[in-house]
Structure formats: structure tokens, C-alpha cells
Amino acid sequence: MARKLTTSAALFESAKQVIAGGVSSDARRSPGVPLYVDHASGSRLWDVDGNSYLDYVLGQGPAVLGHCAPEVVAAVVDQVGRGISYAAQHRLEVEVAERLCRMVPSAELVRFNSVGSEAVHGALRLARAFTGRAKVLKFEGHYHGWFDPVLYSLHPDLEQAGPVEEPVPVPGSPGQPSSAEGDVVVVTWNDVEAVRAALEKHRGEIAAVIMEPILCNTGAIVPLPGYLEGVRDLCDEHGALLIFDEIITGFRVAPGGAQERLGALPDLATFGKAMAGGMQVSALAGRASVMETIASGRVAHAGTFNSHPVAMAAANATLTVLDEERDDRYGLLYRQGERLMEGLREAARQAGVQMLVDGLGPVFQTYFTSQESVRDYRDFARTDRQTAARFHAGLQDRGINIVPRGLWLMSTAHTDADIEATIQAATETLHAM
Ligand SMILES: Cc1ncc(COP(=O)(O)O)c(C=O)c1O
Ligand SMILES: NCC(=O)CCC(=O)O
């Protein structure tokens with residue numbers, strides 16, 4: 001069953017003449033015709049050919065209240081009439097910062113940027129300045145944006161990854177400076193002993209340990225009990241800062257992110273995506289004693305569009321809803337997500353397909369594997385990604401949009417009827433595979 005994609009295909013042909021590769025982010029490359037969205041509302045997208053989709057991509061995470069949440073639209077429209085960009089201080093940024101510091105356990109001071117990659121860039125610079133050390137420890141499969149220092153060991157590939165005891169940093173792209181490689185130490189995730197060994201080997205050299213506290217870019221993996229606490233203790237013992245990249249988990253898995261949900265405190269944390277309901281904004285937040293290096297002017301941090309008034313209006317509206325209606329909104333995200341996860345498991349059982357559904361209600365993953373659990377990048381690399389790609393394509397043909405690698409993001413706009421329709425489409429897709 002193929003969709004009609006005549007207009008989308010024509011746009012893609014035109015695009016390839018003027019946009020490199022025809023798409024504006026590598027994450028939007030597609031084996032067929034990429035999605036050309038005409039408009040979006042609540043839990044749905046409509047493409048330029050008039051096909052509609054239940055959307056579990058949500059702009060890669062931001063639309064946690066659904067597309068065009070009325071509170072967010074009203075705030076944005078109001079702000080646009082007062083001026084789009086000032087590159088000056090304004091009231092809304094103070095309100096957003098106050099709310100963020102109330103909601104996020106580790107946040108005492110904050111600085112805003114436009115996108116997640118920038119917030120990570122700031123966090124790493126700050127950590128290096130604060131500790132006087134050069135190296136950063138990152139984990140296989142954890143994505144922290146597309147900037148050079150952290151674009152390593154992302155695409156699941158066991159042949160290049162090296163031995164699990166000492167993974168090889170695999171550059172994400174030609175053109176990364178060779179100097180970056182000497183400053184990155186790559187470690188397998190979800191194993192405290194691996195972090196201990198790396199910190200001992202590079203004693204006195206590691207400025208920061210950075211991770212997604214719930215891994216969402218290589219599966220959706222909640223860390224093993226005690227793991228985050230173990231890494232926290234090791235960082236303290238070795239004088240390294242712990243950075244949680246909460247750009248997906250922030251304001252999604254709990255009002256205070258994964259650090260609240262799992263009860264482990266980083267020194268610095270980065271936020272983006274869900275914090276502003278779709279406008280471009282990111283935040284670097286952390287302990288006052290560490291953020292002091294920026295406060296004092298010692299460490300440089302800048303940006304024309306930082307605390308952009310329209311983005312701050314969207315962030316203020318989004319965070320106000322998520323904070324003041326926290327029980328309702330997070331209750332709904334978990335309930336709907338868990339119902340959908342269970343429905344997908346049942347659909348796979350009925351179709352006789354080995355599909356693992358794991359994660360949390362607000363963000364979860366479907367894997368094709370006979371493994372009982374997927375705990376890190378190496379387990380993920382052993383899942384059947386060709387079948388995952390066929391599942392994604394089959395769902396899209398049936399009006400369900402998920403992140404191609406098998407990630408599902410929930411919004412508070414997804415209704416019971418949406419969940420039922422999704423399970424039905426997944427059942428058909430699995431039977432047809
Ligand atoms: C965990 C994580 N960190 C950082 C980023 C980078 O954010 P951005 O794409 O806004 O630069 C992303 C997503 O792209 C992400 O998922
Ligand atoms: N979690 C990874 C992304 O959201 C990437 C989006 C993009 O770069 O287009």
C-alpha cells in the first residue's frame with residue numbers, strides 16, 4: 001500500500017537542485033521521498049500531498065504538548081507583535097530562568113543558546129576552564145550534537161568500535177580536526193567499572209564525563225540501578241565534572257528531567273527540544289560554583305539570538321503548563337506511552353515477530369531482536385536495523401510517523417483513539433513484513 005507522494009517527490013527533485021542532498025539535516029535523509037510537511041496540529045502532521053500522519057517524531061522531541069499547543073501559539077503571536085529579536089535583556093528570560101531553576105534539581109544558574117549543540121559546546125568549554133583539564137569522556141552511541149569534539153562513536157558498527165574494554169573513538173565525519181581525537185576518551189555505557197578504568201588510565205586529565213542520562217539516540221535505555229550514582233561518585237573522586245545531556249529527556253521524562261526521575265545530580269546539564277514547544281532554544285544549567293566561571297566573565301559565552309524573545313515566550317508558555325499541571329501532563333504522557341508500548345508488544349506477539357519494546361512512556365524504542373534487553377550501543381548494534389527500516393516505512397505508509405531508527409516520542413495531545421489507530425496500523429505492518 002503506497003501513499004500518493006506526487007507533490008512531495010516533485011519538491012524533492014527541485015530541492016536536490018538547490019539544497020545539498022535535498023534535505024536540511026542529515027537526520028532527514030530518507031531511502032525514499034522525505035516527508036514534506038504542509039502543516040501540523042496536536043498529534044498530527046499533514047504532508048503536501050494531503051496524507052495525514054499520527055506523529056511520534058514531534059519535531060525530534062519539542063512538541064511535548066502536541067503541535068500548535070494553544071498556550072504556546074498565543075504566547076508566540078503576542079511576542080512577535082512586540083518585536084522578534086532584541087539581542088537585549090527582557091522580562092521573559094528572567095521568568096524562564098526562574099522557572100527552570102525551580103523545576104530542575106541541579107540548576108542554580110543558567111545561560112541560554114539557540115540549539116542543543118551550542119549548549120553542549122558551552123558545557124564542555126566551561127568544564128575545561130573549571131578543571132584546567134583537556135579531555136572529555138563520552139560514551140558509545142551517545143549523541144551530543146554535531147560539533148567536532150563530541151561527534152564520535154555514533155553509528156552502530158562493531159567492526160570499527162574496537163574492543164569493549166577500550167573502544168576506539170570513531171569520528172562521525174571527515175573534516176573533524178585530528179586534534180579533537182586526542183581529547184576524547186570513548187567508553188562503553190552502563191558499566192561503572194569501564195568508567196573507573198578510563199578515569200584511572202587518564203588520571204588527572206579528564207575535565208568532564210558527558211552522557212545522556214537515559215540514552216535516547218541509540219535505543220531508549222534507562223541506566224541500570226546504581227549506575228548514575230556510581231559514575232557520580234567516580235567523578236567526585238577524580239575531580240571531573242559530570243554533565244547530563246538532557247536535550248531529549250529534559251521536561252519529557254519528568255518536570256526536572258532524568259536527574260529528577262532517576263535521582264542523580266550532575267554538575268552541569270543541557271536542555272533544549274521539549275523546553276520550548278518547538279521554538280529553537282537551549283539552556284546550559286548547573287551548580288552556581290561551576291557556572292560562576294561564566295558569571296564572572298572568565299569563560300566566554302555569547303550568541304546574537306541567545307534568549308530570543310519569541311523562543312522565550314514559547315519556553316515560558318511550555319514550562320508553565322508542564323510545571324503547573326505537572327501531575328496531569330506527566331501522568332498522561334506515561335499512561336498513553338505505556339498503553340501504546342503494551343499494544344505494540346501484543347501486536348508483535350500476534351504477528352509472531354520478535355520485537356522488543358523498551359524505554360519509558362514518554363520516550364521508548366521498538367527493536368527487532370531476540371535479545372531480552374538492549375543495554376548499550378553494542379547490544380543495539382546487534383539488533384536487526386534493516387527490519388526496523390522496513391517497519392518504519394510500513395508505518396509511514398499507514399499514516400504513522402516515528403523516528404526512523406525506531407524511537408517513539410509521546411505528546412500530551414495523543415488521544416486514546418490515536419493509540420488504538422496506531423496499534424491497528426502497527427498490527428497490519430507487522431503482519432505484512
Ligand atoms: C541528546 C542530544 N544532545 C544534543 C543534541 C543536539 O541538539 P541540536 O540538534 O538542537 O543541536 C541532540 C539532538 O539533536 C540530542 O538528542
Ligand atoms: N536526537 C538527534 C536529533 O534530534 C537530530 C536532529 C537533527 O540533527 O536533525
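The name given to the protein chain in an unreviewed UniProt entry is Glutamate-1-semialdehyde 2,1-aminomutase, with Plantactinospora mayteni as the source organism. The Sequence similarities (unreviewed entry) comment attached to the protein chain in UniProt states, word for word, "Belongs to the class-III pyridoxal-phosphate-dependent aminotransferase family." Under the UniProt heading Cofactor (unreviewed entry), the note attached to the protein chain is "pyridoxal 5'-phosphate".

Trainee: Which residues make up the overall build of the protein chain, and what values do they have?
Mentor: Along the protein chain, the regular secondary structure elements total 15 helices and 14 strands. A globule of 433 residues ought to have a C-alpha radius of gyration of about 22 Å, and the protein chain, at 21 Å, matches this closely. The C-alpha extent of the protein chain, read off along each of the three principal axes, is 60 × 55 × 50 Å. Split into buried and exposed, the 433 residues of the protein chain put 55% on the buried side. Long-range contacts, defined as pairs at least 24 residues apart, comprise 71% of the intrachain contacts of the protein chain with a sequence gap of at least 6.

Trainee: Talk me through the site of ligand 2; I want residue IDs and the actual numbers.
Mentor: Taken together, the neighbourhood of ligand 2 is formed by Ser25, Ala27, Gln60, Tyr143, Asn217, Ile248 and Lys273. Separating an oxygen atom of ligand 2 from a side-chain N or O atom of Ser25 is a distance of 2.5 Å. For ligand 2, an oxygen atom lies 3.3 Å from a polar atom in the side chain of Gln60. Expressed as a share of its isolated accessible area of 280 Å², the protein-covered part of ligand 2 is 76%.

Trainee: Residues and numbers for the layout of surface pockets, please.
Mentor: Empty space within the second largest pocket amounts to approximately 270 Å³. Lining the second largest pocket we find 18 residues, and of these Glu166, Val185, Val186, Lys201 and His202 sit closest to its centre. At the level of elements, α6 (178-182), β6 (184-187) and α7 (192-201) are the ones that each hand at least two residues to the lining of the second largest pocket.

Trainee: Just give me the short version of the nonpolar core, but keep the residues and values in it.
Mentor: Among the nonpolar cores identified, the biggest contains 85 residues, and Phe251, Met275 and Trp408 are the most heavily contacted of them. At 10 residues, the largest contribution of residues to this core is made by helix α11 (residues 309-324). Residues in contact with Met275, not counting those within four places in the same chain, are Val96, Leu100, Phe112, Phe251, Val281, Ala283, Ala315, Thr318 and Leu319. With 19 residues, the next largest nonpolar core counts Leu124, Val150, Ile247 and Ile294 among its residues.

Trainee: How would you sum up the confidence of the model for the protein chain? Please name residues and give values.
Mentor: With 100% of its residues at a pLDDT of 70 or more, the protein chain shows a mean pLDDT of 97. The secondary-structure element of the protein chain with the lowest mean pLDDT is α6, recorded at 91, while strand β8 (residues 241-245) shows the highest, at 99. For this predicted complex, the interface confidence comes out at an ipTM of 0.99, alongside a pTM of 0.98.

Trainee: Break down the sheet that holds β6 for me, citing the residues and quoting the values.
Mentor: Sheet architecture is open: seven strands sit in the order β4-β10-β9-β8-β7-β5-β6, paired in mixed fashion. Because the sheet does not close on itself, it has two edges, and the strands there are β4 (109-113) and β6. Averaged over all pairs of adjacent strands, the angle between strand axes in this sheet comes to 20 degrees, irrespective of strand direction. Along the sheet face, α7 touches β5 (135-139), β6 and β7 (206-211) and points at about 155 degrees away from the line of β6.

Trainee: Any chance you could break down a negative patch on the surface for me, citing the residues and the numbers?
Mentor: Taken together, the side chains of Glu200, Glu229, Asp233 and Glu237 make up a negatively charged region of the molecular surface. Among the elements that take part in the negative patch, helix α8 (residues 227-238) stands out by supplying three residues, more than any other. Position of Glu200 relative to the elements: it lies in helix α7.

Trainee: With reference to specific residues and values, describe the state of the cysteines.
Mentor: The tally for this structure, following the rule as stated, stands at zero disulfides. With no disulfide of its own, Cys235 has Cys216 as its nearest cysteine by sulfur position, at a separation of 20 Å.

Trainee: I'd like a rundown of unusual backbone geometry, residues and numbers included.
Mentor: Of note in this structure, Gln60 is not a glycine but carries a positive phi near 70 degrees. Of note, Gln60 is situated in the loop between β3 (52-55) and α2 (70-80).

Trainee: Let's hear about the pairing of strand β9 (residues 268-271): which residues, and what values?
Mentor: Residues Leu268 and Thr270 line one face of β9 and the alternating positions Ala269 and Phe271 line the opposite face, and both faces are buried. Examined bridge by bridge, β8 and β9 share three bridges and lie parallel to one another. Counterpart to Phe244 in the pairing with β9 is Ala269. As a crossover connection, the stretch from β8 through helix α9 (residues 257-262) into β9 is right-handed. Where β9 and strand β10 (residues 282-286) come together, four bridges link them in antiparallel fashion. Bridge pairing links Leu268 to Gly286 in β10.

Trainee: How would you explain the pattern of salt bridges if you had to name every residue and give the values?
Mentor: Scanning all chains against the criterion turns up 24 salt bridges. In this structure, the salt-bridge partner of Lys16 is Glu13, at a minimum N-O distance of 3.0 Å. With Lys16 and Glu13 both in helix α1 (residues 6-18), this residue pair falls three residues apart, about one helical turn. Note on Glu13: relative accessible area 44%, which makes it partly exposed. The partner of Glu324 in a salt bridge is Arg99, with the nearest N and O atoms 3.1 Å apart.

Here is what the cut-offs are and how they apply
- Residues numbered from 1 in each chain as written.
- Chains lettered and ligands numbered in written order.
- Predicted model: local features only at pLDDT ≥ 70, side-chain atom pairs only at ≥ 80, totals over all residues.
- Heavy atoms only, no water.
- UniProt positions renumbered as here; feature names shortened; annotations may be inferred.
- Helix = DSSP H or I, 4+ residues; strand = E, 2+ residues; numbered from the N terminus.
- Rg over C-alpha atoms; globule rule 2.2 N^0.38 Å.
- Buried < 20%, exposed > 50% of the residue type's maximum accessible area, 1.4 Å probe, protein only.
- Contact = heavy atoms within 4.5 Å.
- Near = heavy atom within 4 Å.
- Polar contact = N/O pair within 3.5 Å; in protein donor to acceptor, adjacent residues only side chain to side chain.
- Areas by Shrake-Rupley, 256 points an atom, 1.4 Å probe, with all protein chains shown as cover.
- 1 Å grid on protein atoms, 1.4 Å probe; cavity = no way out; pocket = protein on both sides within 12 Å on 5 of 7 lines; lining within 4 Å.
- Points joined across faces, edges and corners; volume = space filled by probe spheres on them.
- Core = buried A, V, L, I, M, F, W, Y, C linked by side-chain atoms within 4.5 Å.
- pLDDT = per-residue confidence, 0-100.
- Pairing = 2+ DSSP bridges.
- Axes fitted to C-alpha atoms, helices over the stretch in contact; angles between N-to-C directions.
- Patch = residues over 30% accessible without salt bridge, like charges linked within 9 Å, V, L, I, M, F, W, Y side chains within 5 Å.
- Salt bridge = Lys/Arg side-chain N within 4 Å of Asp/Glu carboxyl O.
- Lys, Arg positive; Asp, Glu negative; His and termini not counted.
- Charge placed at Lys NZ, Arg CZ, Asp CG, Glu CD.
- Disulfide = S-S within 2.5 Å.
- Right-handed = clockwise from strand over helix to strand, strands pointing away.

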